[in-house]
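Observations on chain architecture
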Amino acid sequence: MSFEVIAWTREGAVRLLDQTQLPAAEVYLELRSVPEMVEAIRRLRVRGAPLIGIAAAMGLAAAAEQAARQGGFAAGWLDEAARALGEARPTAVNLRWAVEQVRRVGEQALEAGEAPARVAARLRDEAQRIWDEDAAMCRAIGEYGAALIPGGATVLTHCNAGTLATGGIGTALAAVYRAHAQGKAVRVVSCETRPLRQGTRLTAWELARNGVPVTAITDSSAASLMARGEIDLVLTGADRIAANGDVANKIGTYALAVLADAHRIPLYVAAPRSTFDLSLAHGGLIPIEERAAEELDAAPGAEVYNPAFDVTPAPLVAALVTDRGIAKPPYGAAIRRLFG
Ligand code: MRU
């Protein structure tokens with residue numbers, strides 16, 4: 001990969017590629033406080049379910065290092081910082097999952113009476129472990145997912161589930177990158193993904209940078225391409241997957257799933273175990289983020305409804321590609337076998 005999405009600086013801050021500026025400019029930010037990281041996550045400077053978890057975990061560690069340098073932690077600091085980061089966005093379960101792991105490590109270190117610098121170091125090690133683990137899960141998803149992509153296939157994807165969304169080579173795009181590396185002559189059709197255009201701005205950018213043939217389309221072009229037989233499979237990421245296999249992903253995924261079903265095209269969803277929320281029986285229980293009206297640029301006076309995600313019912317999903325293998329329906333049992 002020819003760009004660095006996230007990194008530590010030598011001083012222990014978090015360096016982020018500001019994704020709101022892509023593809024026009026590659027601007028890097030250095031964040032060292034909780035409010036700065038919360039703002040970056042809310043504004044989608046950093047985005048994608050696994051990556052916001054990693055960024056929040058690293059942000060918590062960076063802020064702890066600052067606090068340690070300034071004399072230590074105020075009472076309740078760790079819980080309050082973890083709460084603020086965990087609540088920055090509601091739908092991707094990876095965010096709270098990652099923050100909670102780091103918080104717990106910090107809590108244990110504080111209870112053991114460790115020095116502030118030692119506590120901060122432990123938070124950093126845990127954040128790094130979460131990042132490394134995500135990169136390994138991406139590689140595994142890439143191997144399993146590539147097996148579902150026939151040679152010469154055209155893959156339609158939505159939003160961005162690649163390097164820009166994870167700590168590694170992506171989830172949905174990991175499968176594409178692996179298939180490409182295996183010489184399968186894969187092509188990608190990237191839906192625009194209204195309103196913030198993660199498909200045309202981000203997916204098209206990273207695929208082109210990595211030499212994978214990509215065609216950007218408006219969201220509303222997907223149906224006619226499918227009708228003309230130009231799409232072989234649909235492959236997306238996920239923000240949260242319920243115990244029955246219902247999938248929350250970027251708004252518009254459900255529409256693509258219905259279209260794929262109508263045209264008898266398989267829809268596959270790729271996600272690591274950190275995206276599965278087995279505490280929720282079905283997708284109707286997944287909190288769906290609603291975003292600001294300004295993102296739609298509607299006429300003044302119009303009411304705006306701007307949900308960031310939708311839920312695709314499990315029966316429309318042909319397979320779930322995970323880091324532990326491929327789950328096929330019935331999903332309840334298959335997911336329990338993989339992650340139970
Ligand atoms: O609002 P975003 O850009 O964070 O939404 C991202 C998505 O919907 C991705 O498809 C999902 O997080 C999977 S990323 C591997």
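So, here's what we can say about the structure. (Residues numbered from 1 in each chain as written. Predicted model: local features only at pLDDT ≥ 70, side-chain atom pairs only at ≥ 80, totals over all residues. Heavy atoms only, no water.)

What about the sheet that holds strand β1 (residues 6–8)?
The test is simple: In short, DSSP must find at least two bridges between two strands for them to pair. Put simply, DSSP H or I for four residues or longer makes a helix, DSSP E for two residues or longer makes a strand, and each gets a number counted from the N terminus. Between N-to-C directions, angles span 0 to 180 degrees; the directions come from axes that are lines fitted to C-alpha atoms, helices contributing only their stretch in contact. The contact rule is simple, with two residues in contact once any of their heavy atoms fall within 4.5 Å.
Ordered by their spatial adjacency, three strands build an open sheet running β1-β2-β3, and the pairing between neighbours is antiparallel. Strands at the two margins of the open sheet, each flanked by one partner only, are β1 and β3 (28–31). Each strand of the sheet is rotated relative to its neighbour by a mean of 25°, with strand direction disregarded. Relative to β3, strand β2 (residues 14–17) is paired through four bridges, and the arrangement is antiparallel. Residue Leu16 lies in a different strand from β3, and its bridge partner there is Leu29. Sitting on the sheet, helix α2 (residues 49–69) touches β1, β2 and β3, and the angle it makes with β1 is about 20°.

A closer look at the environment of Val269
Relative to the helices and strands, Val269 is located in strand β10 (residues 267–270). In this structure, the C-alpha to C-alpha distance between Val269 and Thr322, residues 53 residues apart in sequence, is 8.6 Å. Excluding residues within four positions of it along the chain, Val269 makes contact with Thr236, Gly237, Ala238, Ile241, Val247, Val317, Ala319, Leu320 and Val321.

A word on the pattern of salt bridges
Operational definition: Within this document, salt bridges are pairs made up of a side-chain nitrogen of Lys or Arg and a carboxyl oxygen of Asp or Glu, the two lying within 4 Å of each other. In this scheme, a residue with accessible area under 20% of its type's maximum is buried, one over 50% is exposed, and one in between is partly exposed, where area comes from a 1.4 Å probe on protein chains only.
Considering all chains together, one arrives at 24 salt bridges under this definition. A salt bridge links Glu100 to Arg103; the nearest nitrogen and oxygen atoms lie 2.9 Å apart. In this pair, Glu100 and Arg103 are both assigned in helix α4 (residues 93–111), three residues apart and thus about one turn of the helix distant. You can call Arg103 buried: its relative accessible area is 14%. With its nearest N and O atoms 2.9 Å apart, the salt bridge here joins Glu230 to Arg228. Put simply, Asp79, Glu100, Arg103, Arg104 and Glu107 are held in one network by salt bridges that share partners.

Thoughts on the site of the ligand
Condition: Throughout, near means a residue has at least one heavy atom within 4 Å of the molecule or strand. Within 3.5 Å is the distance limit for a polar contact, defined as a pair of N or O atoms, with the added protein rule that one can donate a hydrogen and the other accept it, and that residues adjacent in sequence qualify only through two side-chain atoms. Note on areas: Shrake-Rupley, 1.4 Å probe, and residue coverage restricted to the protein chains presented here. When residues are grouped by polarity, Ala, Val, Leu, Ile, Met, Phe, Trp, Tyr, Cys and Pro land in nonpolar, Asp, Glu, Lys and Arg in charged, and all others, Gly among them, in polar.
In the vicinity of the ligand lie 19 residues, with Arg47, Arg89, Asp239, Asn249 and Lys250 positioned nearest. The contact in question runs from an oxygen atom of the ligand to an N or O atom on the side chain of Gln198, over 2.9 Å. Contacts to the ligand include Asn249, whose side-chain N or O atom sits 2.8 Å from an oxygen atom. When the free accessible area of the ligand is taken as 420 Å², the share hidden by the protein chains comes to 99%. At the level of elements, α2 and β9 (247–250) are the ones that each hand at least two residues to the shell around the ligand. Here the residues of the shell around the ligand are counted per class, giving eight nonpolar, seven polar and four charged.

Quick notes on the packing of helix α3 (residues 77–86) against α4
To keep it simple, the criterion reads: Here is the rule for angles: anything less than 35 degrees is roughly parallel, anything more than 145 is roughly antiparallel, 65 through 115 is roughly perpendicular, and the remaining ranges are oblique.
For the pair α3 and α4, the least separation of the axes is 9 Å and the interaxial angle reads 175°. Viewed along their axes, α3 and α4 adopt a mutual orientation that is roughly antiparallel. Across the interface between the two elements, Leu78, Asp79, Ala82, Leu85 and Gly86 of α3 pack against Leu95, Arg96, Val99, Arg103, Gly106, Glu107 and Leu110 of α4.

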